[in-house]
Amino acid sequence: MAETALRVELVAADRVVWSGDANIVVARTVEGDVGILANHAPMLAVLAQGTVEVTTTENESWVAVVDSGFLSVAGNRVSILSEHAQMSHEIDLEKAKSDLERARSAGEDDSEAADAVALAQAKIRAVEKAS
Amino acid sequence: MAVSLREMRARIKSVQATKQITRAMELIAASRIIKARSRAQAAAPYARELTRAVSAVATYSNVDHPLTTEPQDPKRAAVLIVTSDRGLAGAYSSSVIREAERLREKLRGDGRDVDLYVSGRKGVSYYTFRQQALVESWTGFSDAPTYDAAREIADALIAAFTSDESEEASVDEVHVVYTRFKSMLVQEPTAVRLLPLEVVEGESRPEADEVLPLYEFEPSAADVLDALLPRYVQSRIFFCLLQASASELAARQRAMKSATDNAEELIKKYTQDANQARQAGITQEISEIVGGVNALADANAGSE
C-alpha cells in the first residue's frame, strides 16, 4: 500500500508552526537541498539556515524560514525541528532587509554577522518565493 | 477595652487593603498559570520529536559522544538550581534550595566537589548572603522563560562538562534541581542528573514497543549526534524552566489565597472587637446618664 501524502510537522522550540498533510517537502540540509516525497526512506538530516518549501495535498505551497535544525523522515512522517521557525507570511520584509544591511556592514569575517546575513537572506528569499 | 474604637477601625481598613492586594496577586497568578501551562504544552512537540530523533540515533548507530560517556572517576559535579525571581510564593524557593542542599551533601559524601549554577534571583541572594561562590547565575525570566534563556544556560553547562580536566570550571557530571509541576496542588522539588546523558527518559519518550526505523544520516551519524545532543540538553533545560515557572505560579497562587483567607479571618476578629468596644462605650454612656439622673433625682428629693 503506497500512501501518497506526507504528514508534516514544522516545530519550533516553543510552538508548532505548521502541521498538516503535504505532497512535497523541500529543505536545505548542510549537504545540499533535499526533496522528500511520500514513502521516502527514513532519514535524519542536519538542516542549514534556509528555507523549507512545502506543497500541501491541496496543491497550495508555503515557505518557511528555519535557522539550523533537523529534518527527520520516518514512515511518511516528516518532522522539521528548528529553534526558531517562521512562516513567510509572518516575516516583516522591511525589517529583514534592514537586518541584512546592518549585518553586512558589520563585517565579513565576523561569524555572527555572517549568520545574520544568511538568516536575513533566507527570510527575503522566503517572502519572494511565497509571493 | 484597651484599644479604642477608632484604632480598631484603622486596623480593619489596613487589613482590608492588604486583602485586596493579596487577592489581586492570587488572581494574576491564576491567570498566568494557564499561560505557563499552555507554553509547556506548546513546547512538548519539540521535545517529543527531539527525543525520538535522539533515541533513533542512539539505537541505530554505535557512535560514542562526549556528552554520553560516563567519566571514569567523577570528581566534580555541577548543580543547576532553578528558583524564582520574586518572593511571595510560599515555600517555593526554599524547598528547591533545601532539595539542592540535600543533593550537595550527597555528592560531597561521594567525594565530589560541587559547583553551583543558579537561575532566579531568590537562589542567588540565598547563596550570596551565605557568601558561597556561584560559578554562574541567570536572573530575570523565572515566570516566563524563553528558549534563548534555556540555551544560554545549556551552553554554559555543556561548556563546563566538555572542557578539559585541567580547566578551572571543568565538571564530570551535571545535575538539575527544579520543581516539577504535578498538579495545581502538588509541586515537587526534584533533582535529576542531566549529564552525562541517559537518552530516553522524561515524559515524552516514545513507547517501548514502538519500532524505530532504520535511518539514513546526513551528513553522518556522528555529525548528526554532534548537532542533536546539545539541543537535546537545551530542550531538557527548557522543560525544567517551564515546569519551574508553572510551579512557581501555582505556589504563589496558593500562598496568596491563604494570605487572603487569613486577612478575612483577621477582619472578622477585628470587627467583633470593634463592635465590642463600641458596645462597651454605649453601655458606659448609658450607665453614666442613668447614674447622673439618679444623682440629680436624689439631690432634688433631698431639697424638697
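For every chain, the first residue of its written sequence is number 1, and the numbers climb from 1 along that sequence. Lettering for chains starts from A, numbering for ligands starts from 1, and both go in the order in which the items are written. Per-residue local features of the predicted model are confined to residues with pLDDT of at least 70, and side-chain atom pairs are confined, for both listing and counting, to 80 or more; whole-chain, interface and lining totals are unaffected and use all residues.

Q: Requested: an account of the interface of chain B and chain A, with residues and values cited.
A: Counting residues at the interface gives 23 residues for chain B and 23 residues for chain A. Under the DSSP-based scheme used, a helix requires at least four consecutive residues in state H or I and a strand at least two consecutive residues in state E, with every element numbered from the N terminus. Elements with a minimum of two residues in the side of chain B that touches chain A: α1 (5-60), β6 (216-218) and α5 (221-303) of chain B. Counting residues per element, the side of chain B that touches chain A draws most heavily on α1 of chain B, which supplies 10 residues. Nonpolar residues are Ala, Val, Leu, Ile, Met, Phe, Trp, Tyr, Cys and Pro. Charged residues are Asp, Glu, Lys and Arg, and all others, Gly as well, are polar. Its residues placed into classes, the side of chain B that touches chain A shows 18 nonpolar, no polar and 5 charged. Looking at chain direction, strand β4 (residues 43-56) of chain A and β6 of chain B are connected through 3 bridges and run parallel. Residue Leu44 of chain A lies in a different strand from β6 of chain B, and its bridge partner there is Phe217 of chain B. Here contacts are defined at the residue level, using C-beta atoms placed from the backbone and a cut-off of 7 Å between them. Between any two strands, at least two bridges found by DSSP are needed for them to pair.

Q: Can you tell me about the environment of Arg52 of chain B, naming the residues and giving the values?
A: Structurally, Arg52 of chain B is set in helix α1. Distance in space between the C-alpha atoms of Arg52 of chain B and Ala244 of chain B is 24 Å, their sequence separation being 192 residues.

Q: Lay out the sheet that holds strand β1 (residues 76-82) of chain B with the relevant residues and their values.
A: Paired through backbone hydrogen bonds, the strands of a sheet run either parallel or antiparallel to each other. All names here are of chain B. If you trace the 5 strands from one edge of the open sheet to the other, you get β3-β2-β1-β4-β5, paired in mixed fashion. Among the strands making up the open sheet, the edge pair consists of β3 (136-138) and β5 (187-195). Across the sheet, the mean angle separating the axes of adjacent strands is 20° when strand polarity is ignored. For β1 and strand β2 (residues 113-119), the ladder comprises 7 bridges, and the chain directions are parallel. Axis definition: a line fitted to C-alpha atoms, over the contacting stretch in the case of helices. Angles run 0 to 180 degrees between N-to-C directions.

Q: Requested: an account of the nonpolar core, with residues and values cited.
A: Of all hydrophobic cores here, the largest spans 104 residues; its most connected members are Leu80 and Leu157 of chain B. No other element matches the 19 residues that α5 of chain B contributes to this core. Domain delimitation follows an automatic or database domain assignment. Residues from two domains meet in this core; each of domain 1 (6-87) and domain 2 (89-130) of chain A gives at least three. When sequence neighbours within four positions are dropped, the list of residues in contact with Leu80 of chain B reads Tyr117, Ser119, Ile153, Leu157, Val174 and Val176 of chain B. We define the nonpolar core as any set of buried residues of the types Ala, Val, Leu, Ile, Met, Phe, Trp, Tyr and Cys, connected via C-beta atoms lying within 7 Å of each other. With C-beta atoms placed from the backbone, a residue counts as buried when 20 or more other C-beta atoms lie within 10 Å of its own, as exposed when 12 or fewer do, and as partly exposed for counts between those limits. Counting 5 residues, the second-largest nonpolar core is a separate cluster that includes Met8, Val15, Tyr270 and Ala274 of chain B.

Q: Can you tell me about the domain arrangement of chain A, naming the residues and giving the values?
A: All names here are of chain A. For chain A, the assigned domains read domain 1 (6-87) and domain 2 (89-130). Facing 11 residues of domain 1, the contacting portion of domain 2 comprises 12 residues. Looking at the side of domain 1 that touches domain 2, the elements with two or more residues in it are β4, β5 (61-66) and β8 (85-87). Across the side of domain 1 that touches domain 2, the residue classes break down as 5 nonpolar, 4 polar and 2 charged.

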